[in-house]
Amino acid sequence: MTRLADIAKAITSKGSPIVVATVQSKGGVGKTVYSFCSACFAAEKLGLRVLLIDLDQNGNLTSLCMDKDDALSMDNLSTVYRTSKTSPDFAQIKPNRIDYAEQFGVTLTSGSLDILPAASDLTFVDNSGDIGVFQQLKAWLKTQGGKYDVIIIDNPGHLGNLTICSLVASDFILCPLEMGEFGFQGIATIQRFLNEVNDNFRTQNPVQSIGYLPYKVDTRTKEFKRLMSLIESNNAGHLLVGDGDTFIEHRVSVAAAINSCLAPWNYSQTDKGAKEAGINYIETLTTIYGIIAGLDNE
C-alpha cells in the first residue's frame, strides 16, 4: 500500500471520527487557510469523510466553501448552541454537503466534505458566563455517530470560550506558528491554555498536541535560521511538528489559490512556485495525518 492508503486505512479503522482543532491566539497567521487545505487533503488525497466546523464568527472558512447568505439560511453553529441537548431536534442538526466537483472543480473518488457554517451571533457563546456551553459541541458531535472519519474545527483568532468549546470536543490540537518574536510568545500562552482545558475538562483523555507548524516561512533567510535557533535554545524544538522539519513555505501562489477557493495543489498556474507550493502542502499534510493516524514513527 502507498503511504496515503496506509494513513487512510489507519484512520478509518479507529471506528470513530478523529477531531482536530486548529488554534492560535491571534489572527492572520494562516489558521483558516490551513484548516481549509487540511480538509481538502483528507477528502481528496485520503478519500475520507470530512466535516469542517467554522467556529470563527467572521466566517472566513465558511466563505471559502459556500455562499455566506446560503450559510445563514441553514443549520449552523448557532443552531447547536441554541438547541437543548435533550431536544429531539438536537441530533437532527444537519451540516451542509459541499458539491466538491462544482465548488472546487475536483471529482472525489470516495471522500466527502461537509461544513457546519459559522454565524455572526456566535459572539454570544464567546461571551457567555455559562460553563455549560463548553460541553455543547462535544454533545452534538456524539449524535453524529459514524458519519465522519475526520472532523476539523477552525477557531477564532483568540483564546476564549469558543476555543474551549472546541478543545473540549477534540482529540488533537494543531497551531500554525507565525515565525517571529510575537509568535513565540504565543506558544507559552497556548500551552497554558491547553493545560487548563485538559486539567478542568479532559483529565481522563487529554487533548494531544500535534505541534506548532511554522507558517509562511522562507528557509533561505538568516532570520528563519535565527528564529529556529532561538526555539532550540529554549528547548522548545519538540513542540514543533516533526521537531521543526515540517513547515509551510511562503509562496505568493498559495494566496492566489485561496483567493480562487482552491487548495494549492489544485491551482491551475503551472509556474515553478505554484507547483512547489502544492508539493509542500501535500508533504506537510501527509506528515501531519501520519501523526494523527499513529503512523508517525514508521
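In the block above lies the structure referred to throughout.
Remember, it's a predicted structure, so these values are computed and weren't measured experimentally. (Residues numbered from 1 in each chain as written. Predicted model: local features only at pLDDT ≥ 70, side-chain atom pairs only at ≥ 80, totals over all residues. Heavy atoms only, no water.)

## Digging into the packing of aromatic side chains
If you walk through the whole model with that rule in mind, you get 5 aromatic pairs. Between the aromatic rings of phenylalanine 36 and phenylalanine 104, the centroid separation amounts to 5.6 Å while the plane-to-plane angle is 70°, which identifies the pairing as edge-to-face. Separated by 68 residues along the polypeptide, phenylalanine 36 in helix 2 (residues 31-44) and phenylalanine 104 in helix 6 (residues 100-104) bring together distant segments of the chain. The residues phenylalanine 36 and phenylalanine 104 share a single accessibility class, namely buried. Taking the centre distance of 5.4 Å and the plane angle of 85° together, the rings of phenylalanine 134 and phenylalanine 201 count as edge-to-face. Separated by 67 residues along the polypeptide, phenylalanine 134 in the loop between helix 7 (123-126) and helix 8 (136-142) and phenylalanine 201 in helix 10 (residues 181-201) bring together distant segments of the chain. On the basis of relative accessible area, phenylalanine 201 is assigned to the partly exposed category, the value being 28%. (Phe/Tyr/Trp six-rings, centres within 6.5 Å; stacked < 30°, edge-to-face > 60°. Helix = DSSP H or I, 4+ residues; strand = E, 2+ residues; numbered from the N terminus. Buried < 20%, exposed > 50% of the residue type's maximum accessible area, 1.4 Å probe, protein only.)

## A closer look at the pairing of strand 5 (residues 150-154)
The element strand 5 is extensively covered by neighbouring structure, given that 5 of its 5 residues are classed as buried. Residues Val150, Ile152 and Asp154 point to one face of strand 5 and Ile151 and Ile153 to the other, with burial holding for every one of them. Relative to strand 5, strand 2 (residues 49-54) runs parallel, the two sharing 5 bridges. Within strand 5, the residue paired with aspartate 54 across the bridge is aspartate 154. (Pairing = 2+ DSSP bridges.)

## Focus: the sheet that holds strand 2
Strand order in the open sheet formed by 7 strands is 3-4-2-5-1-6-7, and the pairing between neighbours is mixed. Both edges of this open sheet fall to strand 3 (96-97) and strand 7 (208-215), since each of them pairs with a single strand only. For strand 3 and strand 4 (residues 112-116), the ladder comprises 2 bridges, and the chain directions are antiparallel. What sits directly across from asparagine 96, in strand 4, is isoleucine 115.

## Structural notes on the pairing of strand 1 (residues 18-22)
For a regular strand, side chains alternate in direction, first toward one face of the sheet and then toward the other. Of all the 5 residues making up strand 1, 5 are buried; the element is thus mostly covered by neighbouring parts of the structure. Strand direction decides the pairing type here: strand 1 and strand 5, joined by 5 bridges, are parallel. Each bridged residue has a counterpart across the sheet, and for alanine 21 the counterpart in strand 5 is isoleucine 153. Alignment of strand 1 against strand 6 (residues 172-178), held across 3 bridges, turns out to be parallel. Bridged to alanine 21 within strand 6 is isoleucine 173.

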